[in-house]
Each structure stands twice: as C-alpha cells, then as structure tokens.
Number of protein chains: 2
Amino acid sequence: MEKTFPQASDTINRLIQELAKLPGVGPKSAQRLTYYLLRAPVEQTQALAEALMALKSKTQLCVSCFNIADGELCPICRNTQRKTSQILVVEQPQDILALEHMALYKGQYHVLHGAISPTEGVGAGDIRIKELMRRLSAGGVTEVIVGTNPTVEGETTSMYLKRLIAPLGIRVTRLARGLPFGTELEYADDMTLSRAIEGRQEF
Amino acid sequence: MEKTFPQASDTINRLIQELAKLPGVGPKSAQRLTYYLLRAPVEQTQALAEALMALKSKTQLCVSCFNIADGELCPICRNTQRKTSQILVVEQPQDILALEHMALYKGQYHVLHGAISPTEGVGAGDIRIKELMRRLSAGGVTEVIVGTNPTVEGETTSMYLKRLIAPLGIRVTRLARGLPFGTELEYADDMTLSRAIEGRQEF
C-alpha cells in the first residue's frame, strides 16, 4: 500500500499513496486515478478537493436522529411530510441511504452509530440508545422498526432494544429475515435458510 | 452518474457526485467512499485534498523528456547514474511508471503526449516529436527504442519515427510484439498471433 515509485515525481507519489488508502482502491487503480486527474481539467480536481474538505468542516450529526446533516437537522427530520409515529433504527448513516432508495418507508430514522458488541467492548451506553429512549419518552411514536444488521452484533442490539422499548407500550418490529431476492435456495447459507423457515409467512 | 439522494446532506451528495466522476468509480462505490471518509480521521481527508491540489499546482512537464516533474527536470533526467545513449519513446507519462516497475531499463525516456491519429486529427506536429528530434541533434544518443502502444495509432507513430530517425544514423528499435506472458495460445487474438509468428525469435 505504501509503495512509492522513486522514478515518479513526489507530488504524484503523494497522491497515489493517499488514494491507495481508500477502501477498494489498490495501488494500481490509485496510479490510474492520479494520471487521469493530471489530464482532467483543474476545475474537476479542485471541486473534488473542496468537496473533501467540506465533508469534515460542513457536516454534523442531526440533533434529533444522528444522521449526517448540513445544519442542526438532517433532510429527513426537516421534512414535514413524513410520519412522526414510526422510527426505523439503523446502525449507520449509510443504511438510511440504502433504505431510502426505494422510497417505500415514510417515517423517521434513528442512527445508533454502532451495535452492541461484548467482544469489541461496545456496550449499550456507547451507542445512541439513550438518545432514542429520550425521543420515545417525548411521546407520539407508536412503532419502532429495528433495522440493525443481521449479524451477531445487530441481533444482540435488536434483542436489547426490544426488551427496553416493549414495556413502554410501543410496538417493536424488525426488518424481515429470509431469502434475498434473486438468489437460489440451493446456494443459501444455513443461517439464512433457518431464518426463512422460522419466519415463514402466509400468502 | 449525476444521481443525487434528496434524503442525504448536500455536502455528502456533492462528494458522492465528484467521486463518481472518476473512472472506475460507480455511484455505489462513490457512496461507500464518502461514508468511509466521514468516519476516517480528519487528517486523512485533509491529506487527500491537499495532495489533489498539489497535483495541479506543483507539477510541470520535464523540460527535457516531458515526463511529469516537480521542478525543471523529472527524477529520471536528474539521475546521473542512467545511460544517456538510449532514449525510450512512450506515449504517456504513466507508461514510464509501468516500464520502470521492473528496473530493467537504465536509459532515458521521451514522452510524446499522444500518438499520430489521422482519424482524430492528431498530426506529427501535435505531439512532442520536434522536441525529440532536438534532443537527438544534440548528439550522444545511439539508440531510440520506440515504446508506443501496439495500436493503429501507436504503430503509425512508430513507423513515422523510424523513417525520421534512421537517416540520422541512430539505431531505431521497438518493443517486441508477441504473446503476453501467462496467457494461453488458444485465447490469443489474431493480431497477437500474427505478430508472434512474424517476430519469432531464435532460442
């Protein structure tokens, strides 16, 4: 990753190294991107550099749902057309983008910024659960949909939230587990198949 | 490519769009890179932004070989350990990096910044051929190795250079054409096979 080319200019080596630190960008593509940018208009390189700087200086966490926001509230919390009776709880801000892609869900979100993981020393107090409970205690929410990942950590977090929220008389549901669309049964792993059988639905 | 997410912050959308303009970076990976950078240390994002800006402000073309340089001369022309009797002519600066990778060649380079292409209106006067001839007329060069691409444009350029340089009494060679290492004959294309037969070597 930190490989440099003594035959190339220092400036070029520096950009190749910085690009190669990005996930999914190997030394070869870092090199290709660098030479592409060398030939691209200066405006394009500048716009990219400025967008990078803005990412850190202009964004903050939404004071309500902890999604990424340009101001106090994120675009979803600012949107008065959305239902306030449902909150979908996710682990990361990027999960919201994936879910919003279908434009199916019209309620609110809450970003935990992680999941409970005893092995990594992440407890309930380390993620935004307190803040979720504060939102629920303000009233008006009738359903919490848990959208944590179908991993050990996600499942642990989901069980924890269920125990915490159900006593408040709020409905707690979670995203269905089962066979992903477009796959073949024969290639599904054991866990996915178990969940598909357990969660079988009337149709 | 210009797809935006109305549910995401403007700052995030801006970076996703700029990253998606890069070759080989689709909207999905632009999104993944953006959320990765959001969580990365601010120093990393800053270093990347600064390296991008430096690429345009701190580099220039080497006054001798037209490779990318941080100053007047590129690292290869500055290196006094290299032979000055050979010049390897390439189309683009990135070709030098590929060739230097093996540390086999110890001579000089010359970057044409293109190849002759009648269909795209690129003539001999549009690439750095004049500058190459000026270097040759200064004396001391005994061999020019033509390393243009094995494409129609590269071959045209190579024939043009051969006709121009041979009368000066300088040896003109070109990189061997043939079967690439590690491939199977059965999958080689007709042109590659023709070149492999024509250029067959004693062993």
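Above this text sits the structure in question.
As a starting point, this report considers the structure included with it. (Residues numbered from 1 in each chain as written. Chains lettered and ligands numbered in written order. Predicted model: local features only at pLDDT ≥ 70, side-chain atom pairs only at ≥ 80, totals over all residues. Heavy atoms only, no water.)

## Quick word on the layout of surface pockets
Residues and elements named next belong to chain B.
Thought 1: The volume enclosed by the largest pocket comes to roughly 410 Å³.
Thought 2: The wall of the largest pocket is formed by 18 residues, among which Thr-148, Asn-149, Pro-150, Ala-176 and Arg-177 lie closest to the centre.
Thought 3: If you list the elements that add at least two residues to the lining of the largest pocket, you get helix H5 (93-100), helix H7 (152-165) and helix H8 (190-198).
Thought 4: When grouped by side-chain class, the residues that make up the lining of the largest pocket number 8 nonpolar, 6 polar and 4 charged. (1 Å grid on protein atoms, 1.4 Å probe; cavity = no way out; pocket = protein on both sides within 12 Å on 5 of 7 lines; lining within 4 Å. Points joined across faces, edges and corners; volume = space filled by probe spheres on them. Helix = DSSP H or I, 4+ residues; strand = E, 2+ residues; numbered from the N terminus. Nonpolar A, V, L, I, M, F, W, Y, C, P; charged D, E, K, R; others polar.)

## Concerning the side chain of B:Arg82
All names here are of chain B.
Thought 1: Positionally, Arg-82 belongs in the loop between helix H4 (75-78) and strand S3 (86-90).
Thought 2: Residue classification places Arg-82 among the buried residues on the basis of a relative accessible area of 10%.
Thought 3: At 2.8 Å, the side chain of Arg-82 forms a polar contact with the backbone oxygen of Gly-107. (Buried < 20%, exposed > 50% of the residue type's maximum accessible area, 1.4 Å probe, protein only. Polar contact = N/O pair within 3.5 Å; in protein donor to acceptor, adjacent residues only side chain to side chain.)

## Here's the deal with the interface of chain A and chain B
Thought 1: Listed per partner, the contact involves 56 residues of chain A and 56 residues of chain B.
Thought 2: Our count for the contact surface shared by chain A and chain B stands at 0 salt bridges. (Contact = heavy atoms within 4.5 Å. Salt bridge = Lys/Arg side-chain N within 4 Å of Asp/Glu carboxyl O.)

## A look at the relation of the copies chain A and chain B
Thought 1: Take chain A, turn it by 180°, move it 0.0 Å along the axis, and it overlays chain B with an RMSD of 0.1 Å. The symmetry that links the two subunits is that of a two-fold axis. Looking at the rotation axis and the C-alpha trace of chain A, the residue lying nearest is A:Ala49, at 2.2 Å.
Thought 2: An overlap of 100% is found between the interface residues of chain A and their copies at the interface of chain B, pointing to a shared contact surface. (Least-squares fit on C-alpha atoms with pLDDT ≥ 70 in both.)

## Things to note about the sheet that holds strand S6 (residues 171-174) of chain A
Residue and element names in this part refer to chain A.
Thought 1: Spatial strand order, S4-S3-S5-S6: 4 strands in an open sheet with parallel pairing. Single-partner strands in this sheet number two, and they are strand S4 (108-111) and S6. Across the sheet, the mean angle from the axis of one strand to that of its neighbour is 25°, orientation sign disregarded.
Thought 2: Across 4 bridges, the pairing between strand S3 (residues 86-90) and strand S5 (residues 143-146) is parallel. What sits directly across from Ile-87, in S5, is Val-144. (Pairing = 2+ DSSP bridges. Axes fitted to C-alpha atoms, helices over the stretch in contact; angles between N-to-C directions.)

## A short note on the sheet that holds S3(B)
Residue and element names in this part refer to chain B.
Thought 1: Pairing in this open sheet of 4 strands is parallel, and the strands run S4-S3-S5-S6 from one edge to the other. Each edge of the open sheet carries a strand with a single partner, namely strand S4 (108-111) and strand S6 (171-174). Neighbouring strand axes in the sheet, compared pairwise and without regard to direction, differ in orientation by 25° on average.
Thought 2: Together, S3 and S4 form the strand contacts of H5, whose direction differs from that of S4 by roughly 150°.
Thought 3: Sitting on the sheet, H7 touches S3, strand S5 (143-146) and S6, and the angle it makes with S6 is about 165°.

## Some thoughts on the nonpolar core
Thought 1: Among the nonpolar cores identified, the biggest contains 40 residues, and A:Ile12, A:Leu15, A:Leu52, B:Ile12, B:Leu15 and B:Leu52 are the most heavily contacted of them.
Thought 2: Broken down by secondary-structure element, the contributors of at least two residues to this core are helix H1 (10-20), helix H2 (27-39) and helix H3 (42-57) of chain A together with helix H1 (10-20), helix H2 (27-39) and helix H3 (42-57) of chain B.
Thought 3: If we skip the residues at most four places from it in the chain, A:Leu52 touches B:Leu15, B:Leu37, B:Thr45, B:Leu48, B:Ala49 and B:Leu52.
Thought 4: Formed by 16 residues, the second largest nonpolar core is a distinct cluster that contains A:Leu132, A:Leu136, A:Val146 and A:Leu161. (Core = buried A, V, L, I, M, F, W, Y, C linked by side-chain atoms within 4.5 Å.)

## Examining the packing of aromatic side chains
Each aromatic ring pair is summarised here by two numbers: the centre-to-centre distance and the angle between the ring planes.
Thought 1: Overall, the coordinates contain 2 aromatic pairs over all chains when judged by the stated rule.
Thought 2: Summarising the aromatic geometry, the rings of A:Tyr105 and A:Tyr109 are spaced 5.2 Å apart at their centres and angled 70° between planes, so their arrangement reads as edge-to-face. (Phe/Tyr/Trp six-rings, centres within 6.5 Å; stacked < 30°, edge-to-face > 60°.)

## Here's the deal with empty space enclosed by the protein
Empty space among the atoms can be located by rolling a probe the size of a water molecule over them.
Thought 1: Applying the stated criterion to the full structure yields 3 cavities of 30 Å³ or more.
Thought 2: Space inside the largest cavity adds up to approximately 50 Å³.
Thought 3: Forming the boundary of the largest cavity are A:Leu19, A:Leu22, A:Leu48, A:Leu52, B:Leu19, B:Leu37, B:Leu48 and B:Leu52.
Thought 4: Elements with a minimum of two residues in the lining of the largest cavity: H3 of chain A together with H3 of chain B.
Thought 5: Per-class residue counts for the lining of the largest cavity are 8 nonpolar, no polar and no charged.

It is worth stressing that arrangement in space is one thing and function is another; only the former is reported here.
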